[in-house]
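Report on the structure
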Amino acid sequence: MTEQERLYEIYKDYGITRGYIQKAIDEYLELGEPSETAFAFVRAALALAVSMPSEFKLNDYAVVVKKSPHDPEVKKQFDELQEEMFIAARYKEHGVSVYLIDDLVRSGLEHGLTRTSALAGVRMGLAKEYGQHEYFTPQDVSEILGMTVEDADALLEEQSKEGLIETAQITYSPIVQ
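Residues numbered from 1 in each chain as written. Predicted model: local features only at pLDDT ≥ 70, side-chain atom pairs only at ≥ 80, totals over all residues. Heavy atoms only, no water.

1. Re the layout of surface pockets
- The calculated volume of the second largest pocket comes to roughly 320 Å³.
- Lining the second largest pocket are 15 residues, with E80, L81, E84, D102 and R106 positioned closest to its centre.
- Here the residues of the lining of the second largest pocket are counted per class, giving 7 nonpolar, 1 polar and 7 charged. (1 Å grid on protein atoms, 1.4 Å probe; cavity = no way out; pocket = protein on both sides within 12 Å on 5 of 7 lines; lining within 4 Å. Points joined across faces, edges and corners; volume = space filled by probe spheres on them. Nonpolar A, V, L, I, M, F, W, Y, C, P; charged D, E, K, R; others polar.)

2. A look at helix α3 (residues 35–49)
- Its 15 residues give α3 an end-to-end C-alpha distance of 21 Å, which sits within 8% of 21 Å, the value for a rise of 1.5 Å per residue.
- Taking burial as the measure, the 15 residues of α3 include 11 buried ones, the bulk of the element.
- For α3, the full list of buried residues reads T37, A38, F39, A40, F41, V42, R43, A44, L46, A47 and L48.
- Structurally, α3 contributes buried residues whose contacts are with α1 (3–11), α2 (18–30), α4 (58–64), α5 (72–90) and α6 (98–110). (Helix = DSSP H or I, 4+ residues; strand = E, 2+ residues; numbered from the N terminus. Expected span 1.5 Å × (residues − 1). Buried < 20%, exposed > 50% of the residue type's maximum accessible area, 1.4 Å probe, protein only. Contact = heavy atoms within 4.5 Å.)

3. Re a negative patch on the surface
- A grouping of E150, D151, D153 and E157 is seen on the molecular surface, where their side chains present a negatively charged patch.
- Within the fold, D153 resides in helix α9 (residues 149–161). (Patch = residues over 30% accessible without salt bridge, like charges linked within 9 Å, V, L, I, M, F, W, Y side chains within 5 Å. Areas by Shrake-Rupley, 256 points an atom, 1.4 Å probe, with all protein chains shown as cover. Salt bridge = Lys/Arg side-chain N within 4 Å of Asp/Glu carboxyl O. Lys, Arg positive; Asp, Glu negative; His and termini not counted. Charge placed at Lys NZ, Arg CZ, Asp CG, Glu CD.)

4. As for the nonpolar core
- Of all hydrophobic cores here, the largest spans 35 residues; its most connected members are L7, Y11, I21, L46, F56, I101 and L126.
- Looking at this core, the elements that each hand over two or more residues are α1, α2, α3, α4, α5, α6 and α7 (115–130).
- With 7 residues, α3 is the single largest residue contributor to this core.
- When near neighbours in sequence (up to four residues on either side) are disregarded, I21 contacts Q4, L7, Y8, I16 and L46. (Core = buried A, V, L, I, M, F, W, Y, C linked by side-chain atoms within 4.5 Å.)

5. Brief notes about the environment of I87
- Among the structural elements, I87 can be located in helix α5.
- Between the C-alpha atoms of I87 and S97, which are 10 residues apart in sequence, the distance is 8.8 Å.
- In contact with I87, other than residues within four places in its own chain, are I101, L119, R123 and L126.

6. Observations regarding the environment of V149
- Mapped onto the elements, V149 comes out in helix α9.
- The class for V149 is partly exposed, based on a relative accessible area of 32%.
- C-alpha of V149 to C-alpha of K128: the two residues are 21 residues apart in sequence and 25 Å apart in space.
- Excluding residues that lie within four positions of it along the chain, V149 makes contacts with P138, Q139 and S142.

7. Observations concerning the packing of aromatic side chains
- Applying the stated criterion to the full structure yields 6 aromatic pairs.
- Between Y61 and F78 the ring centres are 6.1 Å apart and the planes differ by 45°, which places this aromatic pair in the tilted class. Taken as a pair, Y61 in helix α4 and F78 in helix α5 lie far apart in primary sequence, 17 residues in all.
- The exposure class assigned to Y61 is buried, which follows from its relative accessible area of 11%.
- Every member of this aromatic cluster is reached through a ring pair, and the members are F56, Y61 and F78.
- Over the face of the ring belonging to Y8 we find R18, whose NZ or CZ atom lies 3.9 Å from the ring centre. (Phe/Tyr/Trp six-rings, centres within 6.5 Å; stacked < 30°, edge-to-face > 60°. Lys NZ or Arg CZ within 6 Å of the ring centre and 35° of its normal.)

8. Focus on the pattern of salt bridges
- Per the stated rule, a full pass over the model turns up 18 salt bridges.
- For E3, the salt bridge identified is with R6, shortest N-O distance 3.1 Å. Taken together, the positions of E3 and R6, both in helix α1 and 3 residues apart, correspond to about one turn of that helix.
- Taking the relative accessible area as the measure of exposure, E3 reaches 24% and is therefore partly exposed.
- R43 serves as the salt-bridge partner of E3, at 3.1 Å between the closest nitrogen and oxygen. With a gap of 40 residues between them, E3 in helix α1 and R43 in helix α3 connect regions that are remote in the sequence.
- Look at the salt bridges and you will find they share partners, linking E3, R6, E36, R43, E55 and D60 into a network.

Here it is, written out as structure tokens:
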């Protein structure tokens, strides 16, 4: 299967046609971009357009921003964008896009919030608006409320005992092969 056909199979349910994919690739080739770069641009654009984080790859993003995927700043930006894509993907049935999430996060940052607080605010707002559940870690709560993680953990424990919030205990165990 060619790369174009693979992209079509992934995105056809979103109304993306073979012709659209070919036209997008051709436009980048006409700009003088090498074939691999053209495909990276198209892959990244399609993944962003439909908020499909599993198809959004670090190497494609690095090509788009014309920097090395090994650059720590590129990795940080990619991780932040992918985080926004995961939020958008959870709410895409409501028409929420990664562009909306990014605008809301930037607005929070412009108003003095940290990135963690801005993302949490977006998640809380979307959950309330669309009647969905969001779960926050003690680290999220500590950042939002400006307290230590230990204090946030104690607050969550107290509110859970009082039945004010629902909590989950997550235990991680290493996979041994």
